[in-house]
Every structure is written in C-alpha cells, then in structure tokens.
Amino acid sequence: MFKLNHTEFIGLLVAMGTMLILARLSSELARRLRIPIVAGEIFIGIVLGPSILGEFSSSTFNFLFPLKSNVGIALDGITQLSAVLLLFIAGMEVQMQLVLRQGKAAVYTSFLGMVIPFFIGWYFAFYFPNFFGMQFKDDEKFLFSLFMGTAMSISALPVIAKILMDTNLFRTKLGMVIIASAMLNDLVGWLIFSLIISLMGTGKSWSVILLDISIIIGYGVFMLTVGKKLIDKSLPWIQKKLSWPGGVLSLSLGVCFFSAALTERLGIHAVLGAFIAGIAIGDSVKLNEKAREIIHQFISNVFAPLFFVSIGLKINFVENFNLNITLIILVIAYSGKLIGASLGAKLGGFSNKESLAVGFGLNARGAMEIILGTLALEAGLINEVIFVALVIMALVTSITSGSALKWLANPREKIV
Amino acid sequence: MDVFKLKKRSSYPFETIAVAFAFSPRLENLLYEAKHYADTFKSNLILIHAGEKDLKKEETFDTLFNQIGFNKVKTKVIWMNGDPTETILDLCKLNIVDLLILGALEKENLYKYYVGSIARNISRRAKCSVLLLTSPSVAPKKIKKVVLNGTDNAKTVHTINTSIYFAKAEKIKELTIVQEIDMPTFTMTIAEGSTNSEVNKIKKDMLAEESQKLHHLIDKCYCPDILINIKSVNGKPGYAISNYAKTKNYDLLVINSPDSQLGFFDRIFTHDTEYILADLPCNLLIVHSRV
C-alpha cells in the first residue's frame, strides 16, 4: 500500500497548516476590503507559490510545499476532493422552485444570459483560436471552443448572493431574478462542461456522443425526481433517529461521494455527480437548516481555502500572465454577459437600468469560474496562460459587479 | 356566462356556494358540511355532480337531500355528464360561484399526486375560492383555529379580509397570520465570510423589513373584534406554513390562490401551494381574489 513516510507526513501537515492559516488571514483582509474572499485565497496561493515565494526563496517554497515528493500527490488528492465538495455545496443552493417562482423574468434572463455569452465565447475560440495563442487539431478546437463558451456563460452563485446581500438587493424582485438565473446558469453550465469532458478523447462516434448526452440528462432527471423523493423520505428519519449532526453529515457526504464516483465511472466527471447530489439533498425541505449550515461552514472554511490556495501553488501566475489574452477574455466575458443577461431581463419586464444591473449581477464569475478553469486545465482543455486569464477575469468580474450594482440599482426602490 | 360579473368580483361574501359531490362513502358527510356552510354564510347552494345520472344514484341522493333538510328555495342541484374537472370549473364560472367546497384526502398516493386528483386539479385552476375539507362529517366540526399566509403579495389583503369574514361567520375570535421567511442561498452566503454580529444584523433587519411589510398589509384590512396574531416561521414558502399548521393543530389554513396556473412541472419541483396540496395539514381555503 502506498504510504507517506514520516517526513512526508510532516510535510503534508505543515503545508496544509500554512495554507489554512494564511488563507484565513488573507480572506479576512479581503472581507474587510469588501472584495470576495476567494480573491484573498487565490492571492495568498500566488504569494506562497512559484510566482513569488518560489521565485525569491525556492528553498523555503520547497520546504513548505514539497510538491515534487509524495506530498504533492497527497495534496492533489485533497484538492480534487475539495473540488467535488465545493460543487456539492454549490448544488445544495440550487433551488429549482425558486426559478419556477420567478417565472419568465428568470427564464429569459437565464436563457439569454447563457446563450449569448456562450455563443460569443464559442465563436471567438472556434474562428480565432490565434487570439488565445492556441494551435489545435479540428476536434480539439471544437472542444476548446465549447469550453470557452461554457466558461463565458457560467455565473458564480456564492459571490452573487454575497454581493446582493451587501448591496441590500437580496430580497428584491431584481435580486431574486439574478439568484434564480445564476442557479439555472450553474446547472446548465456544469452539464455542458461534463459533456465536454465526456467527449474528450479522439474518435468518438455520434452514437457514443448521444449516449453520453443521454446518460448525463438521464442521471440528472433520475436524481432530481426519484433520488430527491427518496432523500425526502429518508431525511426526517436520519435527522431524528441517528446521532445529530453526525448522522446527516456523514450520510449526505456519503451520497455526494457515491454520486461523484458514479459519474466519474460513467466517463463524465465526478464534480457533476457531486453537484447533482447537492441539488437533490439541498432542495429537500426536510433538510434541517442547521445541518445545511454545518456542511457549508465545514467545506467553505476548510476545503475551499485548500483548493484555491493550491491553485497558486501549482501555477506560476507571473510567467503565464499574458496581457492581450487576459484583455480579450475580459472583453468577451463582459460583453457576452452584459448583452445577454440584460436583454433577457429587459424581455422579462425590467427597465433599462435594472436590466443592466441584472447583467452586471450575473457577470460575477467568482469561484465557479476558477473551479471550472482548474478542471479544464487538469483535463488538458486549456493551457496555463488561458487559465491565468480566466482566474483574473473571474476576480475582476466579481469585484466590479458589486460597485456596478450599487450604482445601477437603488436598494430602497424595492420592486417586490 | 357573464364573465364581467366574475372579473374583479370581491372574494367575499360567499353569496353562492357550490359543492361538488361524488357517490363515495363520504357523500353524506360532505352534504352535511354543505348545509352547514350554506346556513352559516346564508348563501345560495349549488350541488354539482359531474357524471352519469341513474335511478339508484338519484334515489340515494333524494333520500339524503330530504334527510339533511336543505333549503329547497336556495338550493339547486345540477347533474351533468363530462370530464369532472372541466364540468365543475365551467359550472362554477357559469353560476358565479364564490366558494366551491370539495372533499379531499389529506395525502394522495404518488401516482395520483403527479397525475392530479380531481379535487387538487380543480384547486389549481378554479376561478373562485375553494374549500378543501379533509374530514367532512355528518356533525360538522366547528372551526376554531385559523391560520393564514401573510405573504408579500397584492392578493394577501383580500385573503386577510376573506378570512376575517369567514371568522366572523364562524364566531372565531382570533386569527394567526404566518410570515414565511425564506432566504435562499443565505447559508452559503454567510459561510463565505461573515461575523456572528453581521449575520445577526442581517437576520434582524430582514425580520424587521418583513414585519413592516405585513403590518402595512394588515393596516389596509378592516378587522374589528378580531385578534390578529403574527408569527414568523423559517422555511420554504408553502412548506413552512403547512408544517406550522400541522404541528400546531390548526383547523383551517387560508392561502392565496396561485399566481400562475400550476402544472406537472410544479409537482416535480414542488413549490408554494404544491407543498400544501401534496400533504394537506388540515382543511384548506384557497382564496381567489380575482384581482
């Protein structure tokens, strides 16, 4: 059996301790500066990683993070697990009934807020791959362009919800439409990403591709209907008869891991299974709010910092920064989302100013974009340069969304 | 049909009450309830049977009709063939019915829930208020505890006023208005980084804001001699109040009619009224304000 030796085990503990403590300090600073805490976590990863610490004191970097030894493998396992758990809690907040309750405004906003950025992202990546400094074979180009479309269309629910709360817009019609649309965007975005992952590898026939699509849709439908009903039936028993909160915590995470393992086995991606399990569990009215809070706190404050700090440890942000590519991605991201989501909101009955506010609200990509980019980088869909540009885009869009919303939407003008 | 009489017609008084009946074991109980409500609200009564009429059914019905002692001047009986849901809905519109009374099981089996029972399908589509009785009885049980939904919606004023009208007729002295506090993504947002005092402040501000909205609605209602209690419950709309009504043993839950027509998809991703219809906590009055 593979085992870390004494020194490696100490190395792993030191690395995780350093990541968690410094990520906390950095995210507290970010919180005080009123920027998303993921920015603080990414920043500390960049400081601790090859971009800064590795450049100025490689011995300290190698001592703290001996990534080339077995510690690197162990840390990689932890970050993969973190991605699965992050998607699980993201799924837990997707409430399909909220989308239905917001009606056509949410449907139009979400639909156009996805389709237009997806098309713009796909179009530029497919017809002008040189803009991104990429050279491909035809099938690779198609998958890359599909990914860029997805990356442009996804939104980040956690950041958006926080921005809406800070701007006092959360409980307005405008806020609820933004939240509902972001939920739908996330759901569709992760489904498309899973499809892209399943399509990777050469020589897949159309029948295999159709089978992959059917599996993804079938699994989602099964979990959100039959799976959800089973969860609804069993949760009250679990919460009443088993130890609290241990019972619900371990069984929820167990379902998440099984679902993730199943989708990974089906050739999709583990994160989709975790995301769908999260929706099925989180959408249940029987889930105790305290249990939901414990799961969120545990994952957001332990696994999320490990995941986001590890990004900076693996990638040299200075070496891989390309101003042109970053600017191109920023322009595509802003234009696609602002045009699409604003148009959707306008069709949904909002005024011009409110529609633009909806566009800016949904433009925040935050943690979801970074997770998506990380998984794409690991899968070989994109290179480090595009990944760095996507991370910067995710942070810039998240930081600017709050200010734009404050400027465009007056929270005192409650629309409800 | 004079549709203009229906539009903007006030949800109360209940000038015309209709009762849809089937020849089930609960027929007698339902007819006794029909008489009770017609007498209580001094209403005209229409007894509707959507289905085949035969001699045996007619005899059974006539016996019960005479035994219960309906007011023959104010009571009309309609037998009509056709799809029960469509027929009952059409007859309610045609006769300008203000309140339709139906017997309903507390819970349907999974198949019936998704396909939709007659009572629940009518509740989803009716253009008049609907009273679903979960345990109709030959000796109608007096309704003592009434809870209603204080959701932030233009219809709520009409629902509160209709509840007050109902309470007065039934000589009920107090009503409980429940505010459902739902904060989707709140848990995730506070986990993103908020101090305890920040979380408490957000919750406090939100409760104050919701309370202010409800008081604003109540101020628009005329409610002398009735004590109004206000309660806040956390949870998803529909489920939270249903659970509250069940655990506190209320006799009647009053809610607004759905804002849009509910369909199959709304049962898959259950929300609002569908949570209540899925498992009736007690008798249910759905107020159609026709606004």
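Rules of the game
- Residues numbered from 1 in each chain as written.
- Chains lettered and ligands numbered in written order.
- Predicted model: local features only at pLDDT ≥ 70, side-chain atom pairs only at ≥ 80, totals over all residues.
- Helix = DSSP H or I, 4+ residues; strand = E, 2+ residues; numbered from the N terminus.
- Rg over C-alpha atoms; globule rule 2.2 N^0.38 Å.
- Buried ≥ 20, exposed ≤ 12 C-beta atoms within 10 Å, placed from the backbone.
- Contact = placed C-beta atoms within 7 Å.
- Expected span 1.5 Å × (residues − 1).
- Bend = angle between axes of the 7 residues up to and from the residue.
- Domains from an automatic or database assignment.
- Pairing = 2+ DSSP bridges.
- Right-handed = clockwise from strand over helix to strand, strands pointing away.
- Core = buried A, V, L, I, M, F, W, Y, C linked by C-beta atoms within 7 Å.
- pLDDT = per-residue confidence, 0-100.
- Axes fitted to C-alpha atoms, helices over the stretch in contact; angles between N-to-C directions.
- Left-handed = near helix turned anticlockwise from the far one by under 90°.
- Nonpolar A, V, L, I, M, F, W, Y, C, P; charged D, E, K, R; others polar.
- Parallel < 35°, antiparallel > 145°, perpendicular 65-115°, else oblique.

Visitor: Hey, could you run me through the overall build of chain B in this one?
Guide: For chain B, the count of helices and strands is 12 helices and 10 strands. For 291 residues, the compact-globule estimate of 2.2 N^0.38 gives 19 Å, and the C-alpha radius of gyration of chain B, at 20 Å, lies within 12% of that figure. Dimensions of chain B, computed from C-alpha atoms along their principal axes, come out at roughly 75 × 45 × 35 Å. Relative to its full complement of 291 residues, chain B shows a buried share of 41%. A separation threshold of at least 6 residues defines the contact pool for chain B, and within that pool the share at least 24 residues apart is 85%.

Visitor: Looking at this structure, I do not really get the overall build of chain A. What am I missing?
Guide: The helix and strand inventory of chain A stands at 17 helices and 0 strands. Relative to the globule expectation of 22 Å for 416 residues, the C-alpha radius of gyration of chain A, 21 Å, shows essentially globular dimensions. Viewed in the frame of its principal axes, chain A has a C-alpha envelope of about 60 × 60 × 55 Å. Burial statistics for chain A: of 416 residues in total, 55% are counted as buried. Sequence separation of at least 24 residues holds for 80% of the intrachain contacts in chain A that already meet a minimum separation of 6.

Visitor: Is there a simple way to think about helix α6 (residues 96-127) of chain A in this case?
Guide: In an α-helix, one turn spans 3.6 residues, which is why side chains three or four residues apart end up on the same side. Residues and elements named next belong to chain A. Between its terminal C-alpha atoms α6 stretches only 35 Å, short of the 46 Å expected from 32 residues at 1.5 Å a residue. At Gly-103, α6 shows its maximal bend, which comes to roughly 110 degrees. Counting buried residues along α6, 24 of its 32 residues qualify, which places the element largely inside the surrounding structure.

Visitor: Would you explain the interface of chain B and chain A in this entry?
Guide: Many descriptions give the size of an interface as the accessible area lost when the pieces come together. Taken together, the contact pairs 24 residues of chain B with 28 residues of chain A. Residue assignment for the side of chain B that touches chain A shows that the elements contributing at least two residues are α8 (186-191), α9 (196-219) and α11 (264-268) of chain B. The element best represented in the side of chain B that touches chain A is α8 of chain B, accounting for 4 residues.

Visitor: Is there a simple way to explain the domain arrangement of chain B in this structure?
Guide: All names here are of chain B. Each assigned domain of chain B is listed here: domain 1 (1-139) and domain 2 (142-282). One C-alpha centre belongs to domain 1, the other to domain 2; they are set 27 Å apart. Between domain 1 and domain 2, the contact holds 17 residues from the first and 16 residues from the second. Those elements that place two or more of their residues in the side of domain 1 that touches domain 2 are α2 (27-41), α5 (110-115), α6 (118-125) and β5 (129-133). Take the side of domain 1 that touches domain 2: its biggest share by element is 4 residues, from α6.

Visitor: Looking at this structure, how should I read the pairing of strand β1 (residues 16-20) of chain B?
Guide: Sheet faces and side chains relate simply in a regular strand, where the side chains alternate between the two faces. Residues and elements named next belong to chain B. For β1, the buried fraction is high: 5 of the 5 residues fall into the buried class. Taking every second residue as pointing to the same face, both faces of β1 are buried, with Thr-16, Ala-18 and Ala-20 on one and Ile-17 and Val-19 on the other. Across 5 bridges, the pairing between β1 and strand β2 (residues 44-50) is parallel. Across the sheet, residue Val-19 finds its bridge partner in β2, namely Leu-47. Crossover connection from β1 via α2 to parallel β2: handedness right-handed. In this structure, β1 lies alongside strand β4 (residues 99-103), joined through 3 bridges in parallel fashion.

Visitor: Mind showing me how you'd approach helix α2 (residues 37-48) of chain A here?
Guide: Residue and element names in this part refer to chain A. Its 12 residues place the ends of α2 17 Å apart at the C-alpha level, agreeing with the 16 Å of an ideal helix rising 1.5 Å per residue. Summarising burial for α2: 11 of the 12 residues are buried, a large majority. Looking at the buried positions of α2, the neighbouring elements they touch are α1 (6-32), α3 (53-56), α4 (58-64), α13 (289-314), α16 (366-379) and α17 (384-408).

Visitor: What am I meant to see in the environment of Gln-297 of chain A here?
Guide: All names here are of chain A. Note on placement: Gln-297 falls in helix α13. You can call Gln-297 partly exposed: it has 14 C-beta atoms within 10 Å. Along the primary structure Gln-297 and Ala-357 are separated by 60 residues, whereas in three dimensions their C-alpha atoms are 30 Å apart.

Visitor: Could you clarify how one ought to interpret the nonpolar core in this entry?
Guide: Nonpolar side chains in soluble globular proteins tend to end up buried together. Ranked by internal contacts, the top residues of the largest apolar core, which has 152 residues, are Leu-86 and Ile-160 of chain A. With 16 residues, the single largest contributor to this core is α6 of chain A. Leu-86 of chain A has contacts with Ile-299, Phe-303, Ala-304, Phe-307 and Ile-371 of chain A, leaving out every residue within four places of it along the chain. Counting residues in hydrophobic clusters, the runner-up holds 67 residues, among them Ala-34, Ile-101, Leu-133 and Leu-280 of chain B.

Visitor: Hey, could you run me through the confidence of the model for chain A in this one?
Guide: Low pLDDT marks stretches whose predicted atomic positions should not be read closely. Scored by pLDDT, chain A comes out at a mean of 88, with 97% of its residues at no less than 70. Per-element confidence in chain A ranges from a low mean pLDDT of 82 for helix α8 (residues 157-166) of chain A to a high of 95 for helix α14 (residues 323-347) of chain A.

Visitor: Please explain the environment of His-271 of chain B as it appears in this structure.
Guide: Its place among the elements puts His-271 of chain B in the loop between α11 and α12 (273-278). Taking the C-alpha atoms as reference, His-271 of chain B lies 35 Å from Asn-44 of chain B; in sequence the two are 227 residues apart. Discounting chain neighbours no more than four positions away, the residues touching His-271 of chain B are Gln-97, Leu-100 and Arg-101 of chain A together with Gly-238 and Asp-266 of chain B.

Visitor: It is not clear to me how the sheet that holds β1 of chain B should be interpreted in this structure. Could you clarify?
Guide: Where strands meet in a sheet, backbone hydrogen bonds hold them as pairs that are either parallel or antiparallel. Residues and elements named next belong to chain B. Reading across the sheet, the 10 strands line up as β3-β2-β1-β4-β5-β10-β9-β6-β7-β8 and stay open at both edges, with mixed pairing between neighbours. What marks the edges here is a single partner per strand, and that holds for β3 (75-80) and β8 (227-234). Adjacent strand axes in the sheet meet at a mean angle of 20 degrees when their direction is disregarded. Here β5 pairs with strand β10 (residues 283-287) via 3 bridges, running antiparallel. What sits directly across from Leu-131, in β10, is Leu-285. Taken strand by strand, α9 contacts β7 (174-181) and β8, and its axis lies near 140 degrees from that of β7.

Visitor: Any chance you could explain the packing of helix α5 (residues 70-92) of chain A against α16 of chain A here in plain terms?
Guide: Helix-helix packing is described using two parameters, namely the angle between the two axes and the distance between the axes. Residues and elements named next belong to chain A. Viewed as axis vectors pointing N to C, α5 and α16 meet at an angle of 140 degrees, and their least axial separation amounts to 11 Å. Taken as a pair, α5 and α16 cross one another with a handedness that is left-handed. Between α5 and α16, the residues in contact are Ala-83, Leu-86 and Ala-90 and Met-368, Ile-371, Thr-374 and Leu-375, respectively. Residues that form the contact of α5 with α16 fall into these classes: 6 nonpolar, 1 polar and no charged.

Visitor: Hey, could you run me through the packing of α8 of chain A against α17 of chain A in this one?
Guide: Residue and element names in this part refer to chain A. In the contact formed by α8 and α17, the axes pass within 10 Å of each other and the chain directions differ by 30 degrees. Taken as axis vectors, α8 and α17 run roughly parallel relative to one another. The chirality of how α8 crosses α17 is right-handed. Along its contact with α8, which presents Val-159, Ile-163 and Asp-166, the element α17 presents Ser-398, Ser-401, Gly-402 and Leu-405. Here the contact of α8 with α17 is built from residues that sort into 3 nonpolar, 3 polar and 1 charged.

Visitor: Would you mind going over the confidence of the model for chain B with me for this structure?
Guide: Put simply, chain B has an average pLDDT of 86, and 94% of its residues get 70 or more. Confidence estimates for the predicted assembly give a pTM of 0.84 and an ipTM of 0.75.

Visitor: Sorry if this is basic, but what is going on with the pairing of β10 of chain B here?
Guide: Residue and element names in this part refer to chain B. Judged by how many residues are buried, β10 sits mostly within the fold: 5 of 5 residues are covered. Every second residue of β10 is oriented toward a common face, with Asn-283, Leu-285 and Val-287 on one face and Leu-284 and Ile-286 on the other, all of them buried. Judged from the 5 bridges that link them, strand β9 (residues 252-256) and β10 form a sheet pairing that is parallel. Bridge pairing links Leu-252 to Asn-283 in β10.

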